[in-house]
Amino acid sequence: METQDESFCCCEKDKIMAKKSDHDVGCITDHPGFEAVCLNPWVLDVAYLEYKIKGYVEPGESLPSKYRYVGYRQFTRWMYGKLGWRRRIPMPACVNKAIHNAFPPQGNQTYKGFAWPPLP
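Here the structure is a predicted model, which means the values were calculated and not measured.

Colleague: Describe the packing of aromatic side chains, listing the residues and the values that go with them.
Modeller: Per the stated rule, a full pass over the model turns up 3 aromatic pairs. Between phenylalanine 34 and phenylalanine 75 the ring centres are 6.2 Å apart and the planes differ by 70°, which places this aromatic pair in the edge-to-face class. On the criterion of sequence distance, the pair formed by phenylalanine 34 in helix H2 (residues 32-39) and phenylalanine 75 in helix H4 (residues 63-80) is long-range, its members being 41 residues apart. The class of phenylalanine 34 is buried, set by a relative accessible area of 0%. With centroids separated by 6.2 Å and ring planes inclined at 70°, the aromatic side chains of phenylalanine 75 and tryptophan 78 adopt a geometry described as edge-to-face. Of this pair, phenylalanine 75 and tryptophan 78 both sit in helix H4, separated by 3 residues, roughly a single helical turn. Grouping aromatic residues by their ring pairs yields a cluster made of Phe34, Phe75 and Trp78.

Right under this line is the structure:
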């Protein structure tokens, strides 16, 4: 499921460690904000509308696919703020697994994994 870029622990990133220290949790997925920001369907629905308005999503995606996409973006925004156009950061394996397990692919959908943006 993971790409090589996604094969790291949340304990390896300073920004994530700082967020975890607020609530003394071993894994960022145990932080109370993780479920609220990245897994709550009502929050993801509202965030999806914003991404749709900005043209970041493709029409016709399944609901789990939409929730995974937005959950990943929400995590990045929660940890790092707005990154800007074509700036991407891989997420820890635990985050990928939690979002993927909460919103598994349907039918013949496959996991795309993290990809760096193409060079200009």
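Colleague: Let's hear about the packing of H4 against helix H5 (residues 93-102): which residues, and what values?
Modeller: Taken N-terminus to C-terminus, the directions of H4 and H5 make an angle of 145°; their axes are 9 Å apart at the nearest point. Our pair here, H4 against H5, has a crossing hand that is right-handed. On H5, the residues that touch Arg68, Gly71, Tyr72 and Phe75 of H4 are Val95, Asn96, Ile99 and His100. In terms of residue class, the contact of H4 with H5 is built from 4 nonpolar, 3 polar and 1 charged.

Colleague: Requested: an account of unusual backbone geometry, with residues and values cited.
Modeller: Look at aspartate 24: it is not a glycine, yet its phi comes out positive at around 50°. Locating aspartate 24 in the fold gives a position in the loop between helix H1 (14-21) and H2.

Colleague: Please provide a residue-by-residue account of the environment of isoleucine 99, values included.
Modeller: Within the secondary structure, isoleucine 99 is located in helix H5. The spacing of isoleucine 99 and leucine 39 is 60 residues in sequence and 6.7 Å in space, taken between C-alpha atoms. Setting aside chain neighbours within four positions, we find isoleucine 99 in contact with Phe34, Cys38, Leu39, Arg68, Gly71 and Tyr72.

Colleague: Which residues make up the environment of alanine 98, and what values go with them?
Modeller: With respect to the secondary-structure elements, alanine 98 resides in helix H5. Separated by 64 residues in sequence, alanine 98 and phenylalanine 34 place their C-alpha atoms 9.7 Å apart. Excluding residues within four positions of it along the chain, alanine 98 makes contact with Thr29, Phe34 and Leu39.

Here is what the cut-offs are and how they apply
- Residues numbered from 1 in each chain as written.
- Predicted model: local features only at pLDDT ≥ 70, side-chain atom pairs only at ≥ 80, totals over all residues.
- Heavy atoms only, no water.
- Phe/Tyr/Trp six-rings, centres within 6.5 Å; stacked < 30°, edge-to-face > 60°.
- Helix = DSSP H or I, 4+ residues; strand = E, 2+ residues; numbered from the N terminus.
- Buried < 20%, exposed > 50% of the residue type's maximum accessible area, 1.4 Å probe, protein only.
- Axes fitted to C-alpha atoms, helices over the stretch in contact; angles between N-to-C directions.
- Left-handed = near helix turned anticlockwise from the far one by under 90°.
- Contact = heavy atoms within 4.5 Å.
- Nonpolar A, V, L, I, M, F, W, Y, C, P; charged D, E, K, R; others polar.

Fair warning: the whole summary comes from geometry, so function is off the table for now.
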